[in-house]
Amino acid sequence: MSQLLCFCGVDLAKHHFTLHAVDANGKVILHKAVSRAKLLATVALLPTSRIGIEACSGSHHWARQFNKLGHDARIIAAKYVTPYRTKGKNDLNDAVAICEAVQRPNTRFIPIKSPERQAILAIHRMREHWVRERTALINRLRAMLAEFGLIMPVGRAAVQRMIPEYLEDADNELPDIARAIVADGYQHLHVLNQRIDETEQSFELVLSASPQAQRIHKVRGVGPQTATAIIAAIGKGDQFDKSRDFAAWLGLVPKQYSTGGKPRLGRISKRGDKYLRTLLVHGARAVITNLGEKEDKLSTWCRELLAGRGMNRAIVALAAKNARIIWSLLHNQTEYQDYAAS
């Protein structure tokens with residue numbers, strides 16, 4: 001990257017974009033709004049710049065385009081932009097705040113994802129959507145049947161087993177119209193199940209093609225879905241200085257409210273990527289609930305946590321531990337040593 005001659009903030013949108021640029025001395029050289037068709041041409045006329053972009057839909061795409069023009073594009077989380085907005089909120093003031101934030105040495109930037117990594121995340125996002133749609137559909141079918149006195153046990157398996165029985169039972173007084181609606185919903189449930197299964201097969205394909213994902217897949221509690229999601233989200237984890245930073249980004253470390261030299265730690269912060277945190281927590285729960293009689297080092301550690309801190313704290317502790325292990329494996333390019341298998 002050649003020497004930076006100016007700094008620029010770009011407030012992204014769908015059709016109209018706002019730019020604010022200053023030179024090395026802080027003099028404003030650009031302050032205007034442009035259409036989508038003219039954005040790249042306008043940015044191409046700027047001297048070599050560090051361009052700040054607030055994280056949003058399309059930010060990774062535009063960052064890649066700006067980098068192709070020879071600029072140094074940086075994506076900034078919205079919380080790092082807000083403190084620099086000194087006037088009312090509008091597009092021009094947002095661009096000024098982004099321009100100011102991108103110049104500050106303490107601003108943390110989001111690594112730009114490649115199209116391939118974004119495509120993997122798209123699979124995860126669609127699976128997440130279909131799982132939520134399936135849950136909503138099951139709850140809807142359960143509620144509809146309850147209106148006619150047909151009550152099902154909790155759980156997806158019970159619903160899928162009992163709905164055909166209700167549809168075939170001619171003596172349950174279920175009206176024909178309701179029977180048809182439930183049958184349509186049950187058919188759609190099968191379609192959602194198929195789509196979810198297909199995405200899980202996609203995770204297996206991505207895993208088989210990614211040595212990095214295979215490396216962290218060896219960690220207990222990390223399946224193909226978790227491994228591919230982490231690789232797509234953070235790559236090699238170079239944006240984190242240490243393993244605790246990754247755990248903190250996932251929201252798996254305690255909230256801190258310390259003053260006067262007295263440390264006060266609360267519950268986990270739950271900040272950062274909720275999806276990855278959920279996957280790690282579910283994986284940790286699976287490990288702990290299947291400890292059995294295992295006597296390896298990790299199992300013993302988990303059992304001691306269970307006895308002293310309870311199930312939920314033990315699950316979160318193992319999830320945080322796995323997050324740190326994953327970062328170490330990616331950052332140091334080492335292989336996981338599972339002592340349970342030795």
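The notes below deal with the structure included here. (Residues numbered from 1 in each chain as written. Predicted model: local features only at pLDDT ≥ 70, side-chain atom pairs only at ≥ 80, totals over all residues. Heavy atoms only, no water.)

To continue, consider the pattern of salt bridges. Under the criterion given, the structure shown has 11 salt bridges. Across the pair Asp72 and Arg50 runs a salt bridge whose closest N-O atoms are separated by 3.5 Å. With Asp72 in strand S5 (residues 72-76) and Arg50 in strand S4 (residues 49-54), the pair connects residues that are 22 residues apart, well separated along the chain. Asp296 is paired through a salt bridge with Arg220; the nearest N and O atoms lie 2.7 Å apart. With Asp296 in the loop between helix H11 (274-289) and helix H12 (297-309) and Arg220 in the loop between helix H8 (211-217) and helix H9 (224-234), this residue pair connects regions lying 76 residues apart in the sequence. Take Asp296: its relative accessible area is 11%, and that puts it in the buried class. By sharing partners, the salt bridges in this structure join Arg50, Asp72 and Arg74 into a single network. (Salt bridge = Lys/Arg side-chain N within 4 Å of Asp/Glu carboxyl O. Helix = DSSP H or I, 4+ residues; strand = E, 2+ residues; numbered from the N terminus. Buried < 20%, exposed > 50% of the residue type's maximum accessible area, 1.4 Å probe, protein only.)

With that settled, the discussion passes to the packing of aromatic side chains. Under the defined criterion, the tally for this structure stands at 5 aromatic pairs. Taken together, a centroid distance of 5.5 Å and an interplanar angle of 70° make the contact between Phe17 and Trp62 edge-to-face. Remark: Trp62 occurs in helix H2 (residues 59-68) and Phe17 occurs in strand S2 (residues 16-23); sequence separation between them is 45 residues. Classification of Trp62 as buried rests on a relative accessible area of 7%. Taken together, the ring pairs in this structure connect Phe17, Trp62 and Phe66 into an aromatic cluster. The positively charged end of Arg74 is found above the aromatic ring belonging to Phe109, 4.8 Å away from the centroid. The residue whose ring lies beneath Lys321 is Trp301, and the NZ or CZ to ring-centre distance is 4.6 Å. (Phe/Tyr/Trp six-rings, centres within 6.5 Å; stacked < 30°, edge-to-face > 60°. Lys NZ or Arg CZ within 6 Å of the ring centre and 35° of its normal.)

Summary: where empty space remains is shown by rolling a probe the size of a single water molecule over the atoms. In this structure, the largest pocket spans a volume of roughly 1200 Å³. Surrounding the largest pocket, 34 residues form its lining, Ala77, Ile110, Trp249, Gly272 and Asp273 being those nearest its centre. For the lining of the largest pocket, the class distribution of residues is 14 nonpolar, 10 polar and 10 charged. The space that makes up the second largest pocket amounts to roughly 740 Å³. (1 Å grid on protein atoms, 1.4 Å probe; cavity = no way out; pocket = protein on both sides within 12 Å on 5 of 7 lines; lining within 4 Å. Points joined across faces, edges and corners; volume = space filled by probe spheres on them. Nonpolar A, V, L, I, M, F, W, Y, C, P; charged D, E, K, R; others polar.)

This part takes up the nonpolar core. Ile216, Ile230, Phe246, Leu252, Leu280 and Ile326 are the most contacted members of the largest nonpolar core, which has 40 residues in total. When contributions to this core are tallied by element, the ones reaching two or more residues are H8, H9, helix H10 (243-249), H11, H12 and helix H13 (311-332). At 10 residues, H13 tops the list of elements feeding residues into this core. Each residue touching Ile326, except ones within four places of it in the same chain, is listed here: Ile216, Val219, Val222, Ile230, Phe246 and Leu280. (Core = buried A, V, L, I, M, F, W, Y, C linked by side-chain atoms within 4.5 Å. Contact = heavy atoms within 4.5 Å.)

Further remarks concern the pairing of S4. Of all the 6 residues making up S4, 6 are buried; the element is thus mostly covered by neighbouring parts of the structure. The alternating pattern of S4 places Ser49, Ile51 and Ile53 on one face and Arg50, Gly52 and Glu54 on the opposite face, and all of these are buried. Relative to S4, strand S1 (residues 6-11) runs parallel, the two being bridged by 5 bridges. In the strand pairing of S4, Cys8 is matched with Ile51. Sheet topology note: the S4/S5 ladder contains 5 bridges and is parallel. (Pairing = 2+ DSSP bridges.)

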